[in-house]
Each structure stands twice: as structure tokens, then as C-alpha cells.
There are 2 protein chains.
Amino acid sequence: MLNLRVICVGKLKEKFYKEACDEYVKRMKSLCQLEIIELKEESGDHKLEKEAEAIMSAIPPGSAVWALEIEGKLLSSEELAEKIAETTVMGASRIVLLIGSSEGLADKVKKTASFGLSMSRMTFPHHLARVMLLEQLYRAMMINEGRKYHK
Amino acid sequence: MLNLRVICVGKLKEKFYKEACDEYVKRMKSLCQLEIIELKEESGDHKLEKEAEAIMSAIPPGSAVWALEIEGKLLSSEELAEKIAETTVMGASRIVLLIGSSEGLADKVKKTASFGLSMSRMTFPHHLARVMLLEQLYRAMMINEGRKYHK
């Protein structure tokens, strides 16, 4: 079974985004092993560096690491589904997806990632980005299982 | 004051998406005149044509019409803000943004639009797309007013 870990920085403040995420997590229950790791959003000096350290510690060895980056590669939903399927075939035990805080991710973290994924050239709040990513992961699974949902 | 009309097809089913939209509408209250027109989602034969007719009737004369299309032009948030500012300067009394139903928009509607805007190459549910668009409109206004929000 597909093993996904989404590492995010910062708690979801808005109740509606929390409920939206919960909904996609629920839908994915029977489709994959999904963990969401929510790290503390730091503040002050060296914010990104402190967050980077916590992110790195949350990445298990042997994982394929993908960072969400506005300047990353734009994929269609079908291409994302294919990339997930390929990565699993290549023998990665787990795909780890990284969503930064309101300031994004430290360069160090981006360099650790084997792939930079962009959902949009537009800047979205990181909380909304989490909803968007979970919806796309759910959609990718429905595409790879050949199930109805994606049009 | 900027005059925006968002024409959408279909009622928001998920409470959390409704609440998210309400939040951005509330935030835009003092920044622009925003109307959201929610048209009935049709079914059966000629679904898109029936929806097209209702959409066309909801577009006031003299409006700049932009259609949300996956294959449209990808803009950054800054570019969207600039395009809104330019369009207003060009003398359009109103910008009308069109979001289709789960089947998208009829070609006829796309042809009516002077601009096809794409938020992503990924397919999102049209309800989530409405949240994403409202957040981007709010962000564009904050950018154009030089206010803090966008990073």
C-alpha cells in the first residue's frame, strides 16, 4: 500500500481548512497509508533554519522527498498520478511531501528534495495549499485505481 | 471602486468550502464591489449549453469577461493583480469571472471571454476552485493597495 507522509509547518488556524483536510484524509483511509506531520511554526531569527531542522528529522531514510515550491515543476493531475506510481515502482518505501510555513522552505530543505512540485504560479496561503495538495493526492489515487472522480 | 462579478455554476455542497468563500467575501467587503452569482447546475442532455445560456444572461454589457480554464494562461498573483489594475484603467466598468460546473464551460462561453485564466495545470473540484479564485482576488487587491498580506 502506498505510504505517504505530508510534513507541514504550522497548525491550521481556519476551522474550514481543517475540516477540508480532514475530509480528504478520511477519503484516503482505505487507499493509502497517509500520515500528516504538523511541525511548529517558528518565529524570529533563523525561523527557516529552525523549521528546516525539524523537517529533516521528520524524513525517514529511504523516502522519496518532494518539496512544494512555487517555482517548481508544474504537473497536471494525471502527471502527478503517474509520478506517484513510478516512484513507488522505483522502490521508494515512502513519498514525503513538504509544505513550508508562510515564509516557505529553507534552501537547504529544497536541496534535500529530489523533486520540486509546483501546484500553481500563484501564491496561496500555506493552509489552503495543504487542502489543495491533499485533494490532488486523493485525485491521483483515484486516477491510478481507475476510479471515477477525476474528469 | 473595483466592480467584480464571479459567476459560478452549482451550489457549494461542502460546508467548509462555503465558509472559506464567505471568509474571503467578508474580507473584500471594504475593498471592492463583489457579487457572486450562483447559477443552477444542469444535468442530462445539453447540460453545458443550458448552463452557457444562463451564464451569458448574467454578464452585464461593458464587462471584461475572464473565463477560468485549465488550459488558459498561468499568471502569478502579482501578474493577476496587475491585469486587474490594467483592465480597470482601460475603462471596463466591471470584471466578470466565470467558473464552470464539474464539466467546465461550453466552448461558446470560452469564446465570449476576452481572457482565459488558469490557476493551475492540475484539475481541482470547481468548489475548491471558487475558494482559490476568491483568495487570489483578495490577494490581488491587497497587492494593488500595497498592503501587507502577500509575500
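Each remark here, short or long, concerns the structure printed above.
What counts and what doesn't
- Residues numbered from 1 in each chain as written.
- Chains lettered and ligands numbered in written order.
- Predicted model: local features only at pLDDT ≥ 70, side-chain atom pairs only at ≥ 80, totals over all residues.
- Heavy atoms only, no water.
- Least-squares fit on C-alpha atoms with pLDDT ≥ 70 in both.
- Contact = heavy atoms within 4.5 Å.
- Pairing = 2+ DSSP bridges.
- Helix = DSSP H or I, 4+ residues; strand = E, 2+ residues; numbered from the N terminus.
- Axes fitted to C-alpha atoms, helices over the stretch in contact; angles between N-to-C directions.
- Buried < 20%, exposed > 50% of the residue type's maximum accessible area, 1.4 Å probe, protein only.
- Polar contact = N/O pair within 3.5 Å; in protein donor to acceptor, adjacent residues only side chain to side chain.

1. Re the relation of the copies chain B and chain A
When chain B is fitted to chain A, the best match, at an RMSD of 0.0 Å, comes from turning it 180° and sliding it 0.0 Å along the axis. Put plainly, the chains are arranged around a two-fold axis. Counting the interface residues of chain B, we find that 100% of their copies in chain A are interface residues as well, pointing to one common contact surface.

2. Brief notes about the sheet that holds strand E3 (residues 63-74) of chain A
All names here are of chain A. If you walk across this open sheet you meet the five strands as E2-E1-E4-E3-E5, and the pairing is parallel. The strands lining the two open edges of the sheet, one partner per strand, are strand E2 (33-39) and strand E5 (115-118). For this sheet, the mean inter-axis angle between neighbouring strands, taken without regard to orientation, is 30°. Pairing geometry for E3 and E5, over five bridges, is parallel. Counted as the bridge partner of Ala67 is Gly116 from E5. Against the sheet, helix H3 (residues 77-89) engages E3, strand E4 (94-99) and E5, with an angle of about 155° to E3.

3. Structural notes on the side chain of Lys47(B)
Residue and element names in this part refer to chain B. By the secondary structure assignment, Lys47 is in helix H2 (residues 47-57). The exposure class assigned to Lys47 is buried, which follows from its relative accessible area of 12%. Side-chain polar atoms of Lys47 contact the side chain of Glu41, separated by 2.7 Å. For Lys47, the contacting residues outside a window of four places in its chain are Glu41, Glu42, Ser101, Ser102 and Glu103.

4. Observations concerning the sheet that holds strand E1 (residues 3-9) of chain B
Two modes of strand pairing occur in sheets, parallel and antiparallel, and in both the strands are linked by backbone hydrogen bonds. All names here are of chain B. Taken together, the five strands give an open sheet; going across it, the order is E2-E1-E4-E3-E5, and neighbouring strands pair in parallel fashion. A single partner strand is all that each edge strand has here, and the edge strands are strand E2 (33-39) and strand E5 (115-118). In this sheet, neighbouring strand axes are inclined to one another by 30° on average, regardless of whether the strands run parallel or antiparallel. Across the sheet, helix H3 (residues 77-89) is in contact with strand E3 (63-74), strand E4 (94-99) and E5; its angle to E3 comes to roughly 155°. Sitting on the sheet, helix H5 (residues 126-144) is in contact with E1, E2, E3 and E4, with an inclination near 170° to E1.

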